[in-house]
Amino acid sequence: DDAGQNSLEAFQANLSALIANGNGSNRAYLERLSRAAAESAAKGYNIQHKTHTLRRTRVQKTINTTDLKTMKTEKKTEDVTHVEEWVDNGAASLTGVGVICARGHRSLKQHSDGSKQVLANGVQGKAVFWLGGDSASACSKAQYNFCATSGAGTSPNLAPRIAAIC
C-alpha cells in the first residue's frame, strides 16, 4: 500500500542520510538495517520509526560537618542513581550523547535551635555534547563551562556564566 511504501521510503532516506553524513563506523549496520526494512516491507509488514531515549542521572552528595567546640569533622557520602528510559514514535529531532558534570557547595551556619543560615553557595561544572553520538566526531562536539556563586562578597542573584569552547 502507499502508506507503507511512503514510510519505507522515508525510513530509507533517513538511513541514507545517516550513512552519508556519519563517520562510517556504523555503515555496515545501517546498510543491513535498510535491506532488512525493504525485505520486511515486501512481505507486507509495516515500517515504524521509533526513538529510544535513555537518561542516567548519578548524584553523589558529600556532607562535611565540623563541630566548632571539638573541631572534629564528620564526613557522610550518599550515592543516588536514577535511570529513566522511554520510547517515542517517530524519528528523533536531534541525536547524540550529552554529559554534564557539576560540583556544588553550600556553607551553612547551624544554630542551637536547629535553624540554618546559608553563608555561601555555588555550582561549577562542564557540559559536553556529541551531536553525532560518538566521541570520534570532533566537528560536532560542543563543550560548555559554567559557574555561579552567591553569599559573602558576591551578588545573591548572580546569573551563571557560560563559555562555549569548540
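Structure: above.
Residues numbered from 1 in each chain as written. Predicted model: local features only at pLDDT ≥ 70, side-chain atom pairs only at ≥ 80, totals over all residues. Heavy atoms only, no water.

K.L.:
Explain the environment of L30 to me, and be specific about the residues and the numbers.
P.N.:
Along the chain, the position of L30 falls in helix α2 (residues 27-42). Accessibility expressed as a relative area gives 11% for L30, which makes it buried. Linking L30 and S16, residues 14 residues apart in sequence, is a C-alpha distance of 8.3 Å. Contact partners of L30, with chain neighbours within four places excluded, come to L15, L18 and I19. (Helix = DSSP H or I, 4+ residues; strand = E, 2+ residues; numbered from the N terminus. Buried < 20%, exposed > 50% of the residue type's maximum accessible area, 1.4 Å probe, protein only. Contact = heavy atoms within 4.5 Å.)

K.L.:
Report on the side chain of T51, specifying residues and quantitative values.
P.N.:
Looking at the secondary structure, you find T51 in strand β1 (residues 50-66). For T51, a relative accessible area of 15% puts it in the buried group. Once residues lying within four places of it in the same chain are set aside, the contact partners of T51 are W86, V87, D88, G90, A91 and A92.

K.L.:
Give a description of the nonpolar core that names residues and reports values.
P.N.:
One finds L8, F11, L15, I19, L30, A37 and I47 forming the largest nonpolar core, which totals seven residues. Looking at this core, the elements that each hand over two or more residues are α1 (2-21) and α2. Here this core takes four residues from α1, the largest share from any one element. Setting aside residues no more than four positions away along its own chain, L15 makes contact with L30, L33 and S34. (Core = buried A, V, L, I, M, F, W, Y, C linked by side-chain atoms within 4.5 Å.)

K.L.:
Quick one: what's the story with the pairing of strand β3 (residues 97-110), residue by residue and with numbers?
P.N.:
Across 14 bridges, β3 lies against strand β4 (residues 116-130) in antiparallel orientation. Looking at the pairing, C101 lines up with K126 of β4. Linking β3 back to β4 in an antiparallel pair, the connection comprises five residues, with G114 at a positive phi of about 95°. (Pairing = 2+ DSSP bridges.)

K.L.:
A description of unusual backbone geometry should follow, citing residues and the corresponding values.
P.N.:
Positive phi is not limited to glycine here, since M71 has a value of about 60°. Positionally, M71 belongs in the loop between β1 and β2 (73-89).

K.L.:
Describe in detail the pairing of β1, supporting the description with residues and values.
P.N.:
In the case of a regular strand, side chains alternate between the two sheet surfaces. Where β1 lies against β2, 17 bridges are found, and the strand directions are antiparallel. When the sheet's bridge partners are listed, Q60 is paired in β2 with D79. Counting the residues between successive antiparallel strands, the hairpin from β1 to β2 contains six residues, one of them, M71, with a positive phi of roughly 60°.

K.L.:
Outline the side chain of S34, listing residues and values.
P.N.:
Mapped onto the fold, S34 is located in helix α2. In contact with S34, other than residues within four places in its own chain, are Q12 and L15.

K.L.:
An account of the environment of K141 is requested, with residue identities and associated values reported.
P.N.:
Within the secondary structure, K141 sits in strand β5 (residues 141-151). Each C-alpha atom of the pair K141 and W130 lies 4.6 Å from the other, and the pair is 11 residues apart in sequence.

K.L.:
Pulling in residues and values, what's your account of the pattern of salt bridges?
P.N.:
This model, assessed by the stated rule, comprises two salt bridges. Residue E84 pairs with R55 through a salt bridge whose shortest N-O separation is 3.1 Å. Here R55 lies in strand β1 and E84 lies in strand β2, a separation of 29 residues in the sequence. A relative accessible area of 36% places E84 in the partly exposed class. Of the residues examined, R55 reaches a relative accessible area of 40% and is grouped as partly exposed. Residue D79 is joined to R58 by a salt bridge in which the shortest nitrogen-to-oxygen separation is 3.7 Å. A residue pair is termed long-range when its members are at least 10 positions apart, and D79 in strand β2 and R58 in strand β1 qualify at 21 residues. Here D79 and R58 have matching classes, each one exposed. (Salt bridge = Lys/Arg side-chain N within 4 Å of Asp/Glu carboxyl O.)

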